[in-house]
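This is what each chain is made of:
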Amino acid sequence: MRGPHNIWRLIRTGATFQRTGAMGVVLDALNAPPALRIAARVIGFPFAWLGKKGDTSLPPVTRAITALGPAYIKFGQILSTRPDVVGPALADQLQYLQDKLPPFDQAVARRMFEKELGISIDQTFSEFSEPVAAASIAQVHKARLAETGEAVAVKVLRPGIERAFRTDIDAFHFSARVIEWLLPSTRRLRPTDVVEHFESVVMGELDLRLESASASEFAENTERDEGFVVPEVNWGLSGRTVMTLGWGEGIAANDLDAIRASGLDMDRLGEHVLQLFLSHALRDGLFHGDMHQGNLKFASNGDIIAVDFGIMGRIDEYTRRVYAEILYGFITRNYRRVAEVHFEAGYVPADRDVEEFARALRAVGEPIFGMNATQISMGRLLAYLFEVTEKFGMETRTELILLQRTMVVVEGVARSLSPDINIWKVARPVVESYISNSIGPKALLQDLVHTVRVLARFGPRLPELAEAALIRQSEVHQESDRARPIRAMSYVALGGGLVLAAVWVSTLL
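Residues numbered from 1 in each chain as written. Predicted model: local features only at pLDDT ≥ 70, side-chain atom pairs only at ≥ 80, totals over all residues. Heavy atoms only, no water.

A few words on the pairing of strand β2 (residues 138–145). Judged from the 6 bridges that link them, strand β1 (residues 125–134) and β2 form a sheet pairing that is antiparallel. Paired with E127 across the strands is R144, a residue of β2. Here β1 folds back onto β2 in antiparallel fashion, the turn holding 3 residues. Of the pairings in the sheet, the one linking β2 to strand β3 (residues 151–157) comprises 7 bridges and is antiparallel in character. Opposite R144, over in β3, you have A151 as the bridge partner. Between the antiparallel neighbours β2 and β3 lie 5 residues, among them G149 with a positive phi of about 80 degrees. (Pairing = 2+ DSSP bridges. Helix = DSSP H or I, 4+ residues; strand = E, 2+ residues; numbered from the N terminus.)

In structure tokens, the structure reads:
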């Protein structure tokens, strides 16, 4: 599926942007140089007729993206939260993609519900509304349980969405391979791995049983987070293509006029959104991976209600500590330590100069302090960071892609609520709290206890492991060096003593 036939889809993508007028809008938003604008016009104009027409009632960029399919829509959703990167006009157009896409017929949703669960929808619900939100992969209906009268949200996948999404992803894979072939310098960014990671994350969104499990786990982790609500999953009314959970009543986070009229403290909301995300990522290692305005509501009491748990991010404890140290280094302006952490984690090749890297990081971080968001050009900042990574040979860390992307999205949400927010000041107490609990003497003791307990599990297998090690050593070195098995036996005996000591210590803990 990832062959040259995708060339046609790539041509049609460019042609669609040309035909809908989106090409000029995008180039304007990105402040493209005149030469690129002329080249795009000369090359694209003859092929414009090959592009999709789209919905002529929509703005150009939204019209092009919705015509191209769900994967493009997902990408547009991300950009919609970054007016500082794409410009306010383009960001306003892209916000349409979050939850206002054309819905499919209610009758289709009702049939899918009954087919999935094998029950009558009329007997299950006393009310079942027309779609209240429609996104790239699914749409939501508000319903009321006939038995209890409880209001619930019923999420139903779009029919045929999996096949459509695979077609888009297929073209992305082909594009990544072509880019790596034409531009070898991009291989350090591992575009093929990036697309594979994106595919694995989004394809998981197409099984609502997994989303139900994620919502349930997320609710358990955050039940003590003041001012944060995750609606409860109704497992009896959920399946692969249908998900039912409690209804969260509130103002959509992208309805800024309604939020202002409600009297809610928008500055506090912006800070709370950012701090909650960092807390979930660092404390729990499980965070909402699609935290744009369309997936957040604000209750009348100021509570933040999260919805849509199809994309959840996970990071292990070691990565969390690295991430926290990097953040804390920037917050405290300790660029030398930030550089050292990059080297210790293997993010930068060991043959590079740590002092030079620290100086480059200082050039990135210093302009941020003492400035509010309206004075910072995130576009220029990201461009300089890219130059730094290229200079020092950093590769794209696929395990951090979702974390980095979501951080950008959440920052965009926070800035839409509070344009003057200082992200470093807001992040500092969360990061400091994590540092104090996870990096230091207390954390070291916890790590040692955990290590001992893990080693203790191998106690019953110690004789088997020792015998296997001796046999391997004997077979490899029998002819050349008969002394090595004896040394191996000593090492095994030492290891056995350590394991037995671990077992003994674990019984005392």
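Core analysis: the largest hydrophobic core is formed by 97 residues, its most contacted members being V273, F298, F309 and F357. If we ignore the near neighbours within four places in the chain, the residues touching F298 are G250, I251, A253, I259, L264, L269, V273, D303, I304 and L417. Listed in part, the 14 residues of the second largest apolar core include I121, F128, V152 and V154. (Core = buried A, V, L, I, M, F, W, Y, C linked by side-chain atoms within 4.5 Å. Buried < 20%, exposed > 50% of the residue type's maximum accessible area, 1.4 Å probe, protein only. Contact = heavy atoms within 4.5 Å.)

There is about 600 Å³ of room inside the second largest pocket. Around the second largest pocket, the lining is made up of 35 residues, and of these A133, V140, G294, K297 and V307 lie nearest the centre. Every element with two or more residues in the lining of the second largest pocket is listed here: α5 (70–79), β1, β2, β3, β5 (242–246) and β8 (296–298). Here the lining of the second largest pocket is built from residues that sort into 16 nonpolar, 10 polar and 9 charged. (1 Å grid on protein atoms, 1.4 Å probe; cavity = no way out; pocket = protein on both sides within 12 Å on 5 of 7 lines; lining within 4 Å. Points joined across faces, edges and corners; volume = space filled by probe spheres on them. Nonpolar A, V, L, I, M, F, W, Y, C, P; charged D, E, K, R; others polar.)

To continue, consider the sheet that holds β5. Read from one edge to the other, the open sheet built from 4 strands follows the order β1-β2-β3-β5, with strand pairing classed as antiparallel. Strands with a single pairing partner mark the edges of an open sheet, and in this sheet they are β1 and β5. In this sheet, adjacent strand axes meet at a mean angle of 25 degrees when their direction is disregarded. Helix α8 (residues 106–117) rests against β1, β2, β3 and β5 of the sheet, and its axis sits at about 120 degrees to β1. Contacting β3 and β5, helix α12 (residues 208–222) runs over the sheet at an angle of about 25 degrees to β5. (Axes fitted to C-alpha atoms, helices over the stretch in contact; angles between N-to-C directions.)

Now for the packing of helix α15 (residues 317–331) against helix α20 (residues 423–438). Packed helices, taken two at a time, are described by their axes: the angle between them and the distance between them. Viewed as axis vectors pointing N to C, α15 and α20 meet at an angle of 135 degrees, and their least axial separation amounts to 9 Å. On the basis of the axis angle, α15 is oblique to α20. Judged by the twist between their axes, the crossing of α15 over α20 is left-handed. Contacts between α15 and α20 involve E317, R320, R321, A324, E325, L327, Y328, F330 and I331 on the former and, on the latter, W424, A427, R428, V431, E432, Y434, I435 and S438. Looking at the contact of α15 with α20, its residues break down into 10 nonpolar, 1 polar and 6 charged. (Parallel < 35°, antiparallel > 145°, perpendicular 65-115°, else oblique. Left-handed = near helix turned anticlockwise from the far one by under 90°.)

The next thing to look at is the packing of aromatic side chains. Geometrically, a pair of aromatic rings is defined through the distance of the ring centres and the angle of the planes. Counted by the stated rule, this structure contains 7 aromatic pairs. A connected cluster of aromatic rings, assembled from ring pairs, spans F113, F125 and F128. One Lys or Arg, K297, reaches over the ring of W247 and ends 4.3 Å from the middle of that ring. (Phe/Tyr/Trp six-rings, centres within 6.5 Å; stacked < 30°, edge-to-face > 60°. Lys NZ or Arg CZ within 6 Å of the ring centre and 35° of its normal.)

The mixed open sheet is built from 4 strands, whose spatial order is β4-β9-β8-β6. The strands lining the two open edges of the sheet, one partner per strand, are β4 (228–229) and β6 (251–252). Across the sheet, helix α14 (residues 266–284) touches β4, β8 and β9 (304–306), and the angle it forms with β9 is around 50 degrees.

Turning next to the pattern of salt bridges. This model, assessed by the stated rule, comprises 25 salt bridges. One salt bridge connects E217 with R314, and the closest N-O pair in it is separated by 2.5 Å. Here R314 lies in strand β10 (residues 312–314) and E217 lies in helix α12, a separation of 97 residues in the sequence. E217 gets classed as partly exposed once you look at its relative accessible area, which sits at 29%. Between R321 and E317 there is a salt bridge, with the nearest N and O atoms lying 2.9 Å from each other. In this pair, R321 and E317 both sit in helix α15, 4 residues apart, roughly one turn of the helix. (Salt bridge = Lys/Arg side-chain N within 4 Å of Asp/Glu carboxyl O.)

Here T222 is to be found in helix α12. Look past the residues within four positions of T222 in its chain and what remains in contact with it is F228, V230, H280 and R283.

Within the secondary structure, R9 sits in helix α1 (residues 6–20). For the pair formed by R9 and A171, sequence separation is 162 residues and the distance between their alpha carbons is 6.8 Å.

A few words now on the packing of helix α16 (residues 335–344) against helix α17 (residues 354–365). Packing of α16 against α17 leaves a shortest axis separation of 8 Å and a crossing angle of 120 degrees. One finds that α16 runs oblique with respect to α17. Crossing of α16 over α17 shows right-handed handedness. Seen from α16, the contacting residues are Y335, R336, V338, A339, E340, H342 and F343; seen from α17, they are V354, E355, F357, A358, L361, R362 and G365. Residue composition of the contact of α16 with α17, by class: 8 nonpolar, 2 polar and 4 charged.

All right, on to a nonpolar patch on the surface then. A contiguous nonpolar patch, built from I7, W8, I11 and F47 and spanning about 390 Å² of accessible area, is present on the exposed surface. The residue W8 is located in helix α1 in this model. (Patch = residues over 30% accessible without salt bridge, like charges linked within 9 Å, V, L, I, M, F, W, Y side chains within 5 Å. Areas by Shrake-Rupley, 256 points an atom, 1.4 Å probe, with all protein chains shown as cover.)

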